[in-house]
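# Observations on the three-dimensional arrangement
Below, each chain spelled out in residue letters.
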Amino acid sequence: MLLEGKRALIFGVANAKSIAYGISAAFRRHGARLAFNYVGEAIQKRVDPISQELGGEFTFQCDVTSEEQIAQAVDLARQRWGGVDILVHSVAFASRDALTGRFIDTSRAGFAQALDISAYSLVALCHAFEPLFTPGASVLTMTYYGARKVITNYNVMGVAKAALEASVRYLAVDLGRKQARINAISAGPVRTLASSAISDFRKIFDHIEKYAPLGRNITTDEVGNAAAFLSSDLASGITGETLFVDSGYNILGITPSDEKPA
């Protein structure tokens, strides 16, 4: 198994349909030891059963906007495990009104909130957990094509994901000095709690299915398999990269014609 005995902290599982769940399930199949964060009692009620299902060793409260809670999470991981081999950052948020209409109308508060939760939180977690990272440790974060191209209604989240991808590259240099790696996965659209906040998401989903080279959307299992690879020793020479798992959609320029060649 690719991840036998590796200790993986998973930030961002919302329910069994989330990308973080698909990653956690793949990690479990490959022998990893798991622990999950939650934010508040409502999310804990969802996360605890998932942890039990996947054989998680513990759950812990950690709001990534709270330095105090991040520090407490570090202390708990040190007490329970002594070190961390894998950290998964699957955390993003923007208010619903920031994901509709014109990007130019984004409020200062909405912009700051989206960048803090969706991008800076990765920096904060890496900074806090760096002393616990083992040689060869892997950090993963989730991004989306809207970081590079304009996606209708993705708005401020596209800017936040662009900042996230740039952060991955800068963090790769800092973490690399301790032989830890960091990469991003740019997943195609998946029906999740997060995607439901994007207006007209169904149109995006249908468009990918119609025009992606593989002619279909991806599954959370496929993202999980890619995450298992990037977190394993098979990817020991890969850091600072963004891996697309999107049925090949990102390679397209002009959308192909529906007409078939003669």
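Keep in mind it's a predicted model, so treat the numbers as computed, not measured. (Residues numbered from 1 in each chain as written. Predicted model: local features only at pLDDT ≥ 70, side-chain atom pairs only at ≥ 80, totals over all residues. Heavy atoms only, no water.)

## Comments concerning the pattern of salt bridges
All chains considered together, the criterion is met by 8 salt bridges. Residue R102 pairs with D105 through a salt bridge whose shortest N-O separation is 3.2 Å. (Salt bridge = Lys/Arg side-chain N within 4 Å of Asp/Glu carboxyl O.)

## A few points about the packing of helix α1 (residues 19-29) against helix α7 (residues 220-231)
Contact pair α1 / α7: the axes reach a minimum separation of 7 Å and the direction vectors enclose 55°. Classified by the interaxial angle, the pair formed by α1 and α7 is oblique. Between α1 and α7 the crossing geometry is right-handed. Residue-level inspection shows I19, G22, I23, A26, F27 and R29 of α1 in contact with α7, the latter providing T220, D221, V223, G224, N225, A227, A228 and S231. Within the contact of α1 with α7, the residues separate by chemical class into 7 nonpolar, 5 polar and 2 charged. (Axes fitted to C-alpha atoms, helices over the stretch in contact; angles between N-to-C directions. Helix = DSSP H or I, 4+ residues; strand = E, 2+ residues; numbered from the N terminus. Parallel < 35°, antiparallel > 145°, perpendicular 65-115°, else oblique. Left-handed = near helix turned anticlockwise from the far one by under 90°. Contact = heavy atoms within 4.5 Å. Nonpolar A, V, L, I, M, F, W, Y, C, P; charged D, E, K, R; others polar.)

## Quick notes on the sheet that holds strand β2 (residues 33-38)
Within a sheet, each strand pairs with its neighbour through backbone hydrogen bonds, oriented either parallel or antiparallel. Here 7 strands make up an open sheet; going across it, the order is β3-β2-β1-β4-β5-β6-β7 and the pairing parallel. Lying at the two open borders of the sheet, with one neighbouring strand each, are β3 (58-61) and β7 (242-245). With strand direction ignored, the average angle separating the axes of adjacent strands in the sheet is 20°. Where strand β4 (residues 84-89) meets strand β5 (residues 133-143), 5 bridges bridge the pair, whose relative direction is parallel. Bridge assignment links L87 to a residue of β5, and that residue is V139. In the packing of helix α3 (residues 67-80) onto the sheet, contacts are made with β1 (7-11), β3 and β4, and the angle to β3 comes to roughly 160°. Here α7 sits on the sheet and contacts β4, β5, β6 (181-187) and β7; the angle it forms with β6, its principal contact strand, is near 165°. (Pairing = 2+ DSSP bridges.)

## As for the pairing of β5
For a regular strand, side chains alternate in direction, first toward one face of the sheet and then toward the other. In terms of residue burial, β5 counts as a mostly covered element, since 9 of its 11 residues are buried. A crossover links β4 with its parallel partner β5, the connecting element being helix α4 (residues 108-129), and its sense is right-handed. In this structure, β5 lies alongside β6, joined through 6 bridges in parallel fashion. Bridge assignment links T141 to a residue of β6, and that residue is A184. Between the parallel elements β5 and β6, the chain passes through helix α5 (residues 155-176) in a crossover that is right-handed. (Buried < 20%, exposed > 50% of the residue type's maximum accessible area, 1.4 Å probe, protein only. Right-handed = clockwise from strand over helix to strand, strands pointing away.)

## Some thoughts on the pairing of β6
Of all 7 residues making up β6, 7 are buried, and the element is well covered by its neighbours. Side-chain alternation along β6 places R181, N183, I185 and A187 on one buried face and I182, A184 and S186 on a second face that is also buried. By the bridge criterion, 4 bridges tie β6 to β7 in an arrangement that is parallel. For I185, the partnering residue across the bridge sits in β7 and is L243.

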